[in-house]
Amino acid sequence: MVRTVGVVLGVVLMVGLAVLLLQDRKARIDAAHRQSLALATGVDRLLYFGLRNLERAMAGISADAEVFATTAPEQAQALLVDGVEGVVSRHAELHSIVLVDARGQAMTSGEGDPDLPGWATPMRSAGRLLVGPLQADGDGGWWLRLAFPFGQDQWLLSRLHASEFERMIRDLDIGRDGSVTMLDQLGTVLARVQNGGNVDFAGRRIQLPDQVRDATGTASLRMVSQLDGVERTAGFSGTNGYGVLVAAGIGLDEALTPWMWLVALASAIVALYWMGLGYLVYRLATGERARDALLDELEAQADWLDQAQQAASTGVWRLESDDMMIRVSAHTAAIFGLAPEAAVLPADRFFERMHPEDRARVEQAFAESRGSGTPYLTEYRVLLDDGSERWISARGGVAGSGRAPGRLAGTVVDITSRRLAQARIERAEAQFRALFERNPLPFWVFDVATLRFIAVNQAAVAAYGYSVREFLEKTILDIRPPEDRPALMGAMRQRTGDQDVDGVWTHVRKDGSRLDVRIFSSSIEFGGRPARLVLAEDISDRMTYERDLAWRATHDSTTGLETVEALTDRLDRRAADALGARYAVAYVRLRELELVAPTLGRSTSELLLREMAERISLVGETFGLAGYWPSESFVVVALDASRRHEMLAALEEAIAMPVHTEGGAHPVEASIGIAEGPEPGEGAEQVIGHAALAALKAWQEQTQALPYDHAMAEEAAERLALARSLRDAIDNREFELHYQPIRRLEDNRLVSVEALLRWRRPGGGHVPPATFIPLAEASGLIVPIGRWVLAEAALGYRRLAAHGHGDVAVAINISAVQLLGDGLPDAIRSVQAEHGLPVGALHVELTESVVVRRPQVARARMLELRSAGVRISIDDFGTGFSSMAYLRNLPLDCLKIDRSFVQNVHADERNASICRALIALARGLGLGTIAEGVEREEELEWLRRNGCEQAQGYHLGRPAPLDDLLQALRAAA
């Protein structure tokens, strides 16, 4: 096989090298052709320029002669001779120039040419230089005759030294065997240069190839020179137009010299290959002989091997021939469950006893070993007659010679016991590895003595960020925070052997982050050393969640402060631990902070709240504790009650500083209540409640801080009783409406009346609206009260209309609860339909806080009211969070200027400026203006002069029951 492959490769190598050499030879010859043609065309071009210069010189002589004959006939001959001598003197290559007649006879001094009619006349052409044949000069040299037409039948005959042509081609690079030759049309050599010698070939005639016989164009040929017998690649060029042919040749032997070296190198390579192949074949033959000798030695030792296999539970076998007959020892037959005797049996007898899952694999391995000579090594199962399985390890090798078929021989060993033990070990290891590697929780084993990691699973690698190699370079101390290591070592010393739960620990990842894990561990033996198997359950999320839940249970998420409930528990525990310890509580209630969100945006509102929380938290850290009571209220505790005044001053300072946001600086106002406790029998909840009551009182009285006293509790009790009485006031008809006139300033005409709610108690006296209206809004009773006011106002309009005042509208005040609810527009439509009220009969007045609390809902409700024919006014404009946005976007009719701006407007320039600005603003937006609280004639006159449209106040009429108003209207009429 090796010999055959080697011969084939050798042949392929030789053919390949031959092809490459032939291609290289052709390329070199083609390059020589291109070089010779380039030389020929270059010399041809040089020749053209030389002859053309001579032609121009002789043409100049002819032209001068014509001029002389015309301008100076008597001196024309002398001038012509002078011109000819000048040309000859300038062209050293010329021997002479003679003017001759048509027969070649000289007409000027010099030698004529009697042969001229034979070679020049047939080729005569006006203005063209003709090249004639060579002429010996008598001194061993040659002249080239040139003729130029002159006049009608005359010629300028010149003789050119042939050596001039040799000079043109003398220094060309033509190689060792190259040559350059100039020929005329008859093949006469005019000049020749070659490196092979200085033989003078001028005047010799050769036969021109047919391709260049007309001495025009170019051609490239391969030919043997007629002059020196050298084979060359010849290039011919006759493009000069004067009938001179240039031939340039490159010696073929010289061009192929490098190629011959390549041929020698290729021959050497081929020779070396065949020598190497012969040596390889020799060595293979030697190896085959040695293998045959070894096989014979094996056969000689058969008896000894039989004894050895009996001792080692091993059998031997040998493939006897190509018909797959196998010779086996008695022990081999017994291993396969056959009769225990040496025999020659078909191979199928052994293959059919193999397990079906192993048979195809073993047959393939057997065939490959037999065919290729590779070692035969495999393990498989055989099925015995009783149904049991037996594991066998078989090995063998091929041996043979060129004279006999190959023989496969080997051994079989019963390895059933080893395979069963190995299977048990593998199953146990696989189960442990599966439990270890595929466990979704981090799992590792560490050495008890060194605390170094011995093994880790992929879950641990993913959870901690270390690679397996990095883990194995560390101890369990390296994944613990430094502060936990003493506790860990203590736990290791105290651990009992059967302890499986090690509790919750903090571990550190590779990136430095920490995680909380619950550890489960067990003592094992790993690699013969005491070790510990550890499972780590990551409970970071649960611990974080539990901590977050615990924090949220006692803290407010927006401000980060403790809730009042958590603060109360801490204070109560402190009071229980330290009997008689008193503390001071400050209840801080921020004013109208709920209006910031709809006016300036929720982000600004939250920023204000967090900023105030941070300031108040710092005060709490300084004096004791701080907590948050939604909404917009804080509780600060001075654990030392004697420092309550310092705490109050710190709070006032913190509140006094405006909060800076992207929208600018925002001042914050607050009401603060101070209470001290606890008194006997009181808890922290009661003390905080006292402080909250004091803060409420401060808010009502528009002062910043008030201390708690018992009168506040009594007043609060009265408010609670009043709130309970308010629920029965509607059913007991304790409410009534008083009407205050609103007049047009232009003509003092009554245009509307404002219906004002009054609560008259059964025992006498009235409850001020400022007292019961907030209670009604807080309790939700404002909705039924509002429906009653709406119905009474409709009845009031009917009575006004019945007395001839149908053009006087009735204005009612609408609270935020009424407007933002869902029933107000429907209630108004129902009242209008029930009482037949015309469009514009009812006006509603809204405060700024109603509008800015929920602007989108407020706008939708106001549009519904406008569609029902109700006019809308903004009451007390300028006293709240006034915004130009809602004035522009909301469907309004009037602005009511607050009484605080109208008071002394004629004398107070600040109020006057505000009123003028509000009147101008309303006029620019197309809104009407109503001034409230007019109590003097001077105020009224100022308003009239400055364009205010309407006004109301005690000066124009006090609020009164409808009967009193009607009586006053009749009296005025």
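Preceding block: the structure.
Just so we're clear, the structure is a prediction, and the values are computed from it rather than from any experiment.

Caption draft 1: Layout of the overall build of the chain. When helices and strands are counted, the chain shows 32 helices and 37 strands. With 973 residues in all, the chain has 43% of them scored as buried. For the chain, the share of sequence-separated contacts (at least 6 apart) that also reach a separation of at least 24 residues comes to 56%. If you sum the accessible surface of the chain, you get close to 50000 Å²; carbon and sulfur atoms cover 53% of it.

Caption draft 2: The arrangement of a negative patch on the surface in detail. Negative charge collects at one region of the surface, where Glu 565, Asp 569, Asp 572 and Glu 685 lie side by side. Examining the composition of the negative patch, we find that 3 residues originate from one element, helix H16 (residues 564-577), more than from any other. Locating Asp 572 in the fold gives a position in helix H16.

Caption draft 3: Spatial organisation of helix H31 (residues 937-945). Within H31, burial applies to Glu 939, Leu 940, Trp 942 and Leu 943. All buried residues of H31 fall inside an arc of 160° around its axis, so they share one side. On its buried side, H31 packs onto helix H29 (899-902), helix H30 (909-924), strand S36 (928-931) and strand S37 (950-951). Following H31 by one or two positions, Gly 947 adopts a phi angle in the positive range, close to 90°.

Caption draft 4: Representation of the packing of aromatic side chains. Going through the model one piece at a time under the given rule, you end up with 19 aromatic pairs. Measuring from ring centre to ring centre gives 6.4 Å for Tyr 48 and Tyr 242, while their planes differ by 35°; the resulting arrangement is tilted. Linking Tyr 48 in helix H1 (residues 2-71) with Tyr 242 in the loop between strand S8 (231-237) and strand S9 (245-251), this pair joins segments that are 194 residues apart in sequence. The exposure class assigned to Tyr 48 is partly exposed, which follows from its relative accessible area of 21%. Its relative accessible area of 6% is what places Tyr 242 among the buried residues. Note on Phe 735 and Trp 788: the rings are 6.3 Å apart at their centroids and 45° apart in plane angle, and the pair reads as tilted. On the criterion of sequence distance, the pair formed by Phe 735 in strand S29 (residues 735-744) and Trp 788 in helix H23 (residues 782-802) is long-range, its members being 53 residues apart. Look at Trp 788 and you get buried, because its relative accessible area is 17%. Taken together through their ring pairs, the aromatic side chains of Trp 444, Phe 453, Tyr 464, Tyr 466 and Phe 471 make up a single cluster.

Caption draft 5: Seen up close, unusual backbone geometry. Here Gly 677 and Pro 678 are connected by a cis peptide whose omega angle stands at 0°. Look at Arg 733: it is not a glycine, yet its phi comes out positive at around 55°. On the secondary structure map, Arg 733 appears in the loop between helix H21 (710-729) and S29. The exposure class assigned to Arg 733 is exposed, which follows from its relative accessible area of 61%.

Caption draft 6: Looking closely at the side chain of Thr 181. Tracing the chain through its elements places Thr 181 in strand S5 (residues 179-183). One polar contact links Thr 181 to Arg 192, side chain to side chain, over a distance of 2.7 Å.

Caption draft 7: Representation of the side chain of Ser 815 within the structure. Structurally, the position occupied by Ser 815 is in the loop between strand S32 (809-813) and helix H24 (816-820). If we ignore the near neighbours within four places in the chain, the residues touching Ser 815 are Glu 777, Ile 782 and Val 850.

Caption draft 8: Quick peek at the pattern of salt bridges. Throughout the structure, instances matching the rule amount to 42 salt bridges. A salt bridge links Lys 510 to Glu 470; its shortest N-O distance comes to 3.1 Å. Taken as a pair, Lys 510 in the loop between strand S18 (501-508) and strand S19 (514-526) and Glu 470 in helix H13 (residues 468-472) lie far apart in primary sequence, 40 residues in all. Put simply, Glu 357, Asp 358, Arg 361 and Arg 381 are held in one network by salt bridges that share partners.

Rules of the game
- Residues numbered from 1 in each chain as written.
- Predicted model: local features only at pLDDT ≥ 70, side-chain atom pairs only at ≥ 80, totals over all residues.
- Heavy atoms only, no water.
- Helix = DSSP H or I, 4+ residues; strand = E, 2+ residues; numbered from the N terminus.
- Buried < 20%, exposed > 50% of the residue type's maximum accessible area, 1.4 Å probe, protein only.
- Contact = heavy atoms within 4.5 Å.
- Areas by Shrake-Rupley, 256 points an atom, 1.4 Å probe, with all protein chains shown as cover.
- Patch = residues over 30% accessible without salt bridge, like charges linked within 9 Å, V, L, I, M, F, W, Y side chains within 5 Å.
- Salt bridge = Lys/Arg side-chain N within 4 Å of Asp/Glu carboxyl O.
- Lys, Arg positive; Asp, Glu negative; His and termini not counted.
- Charge placed at Lys NZ, Arg CZ, Asp CG, Glu CD.
- Arc of directions from axis to C-beta.
- Phe/Tyr/Trp six-rings, centres within 6.5 Å; stacked < 30°, edge-to-face > 60°.
- Polar contact = N/O pair within 3.5 Å; in protein donor to acceptor, adjacent residues only side chain to side chain.

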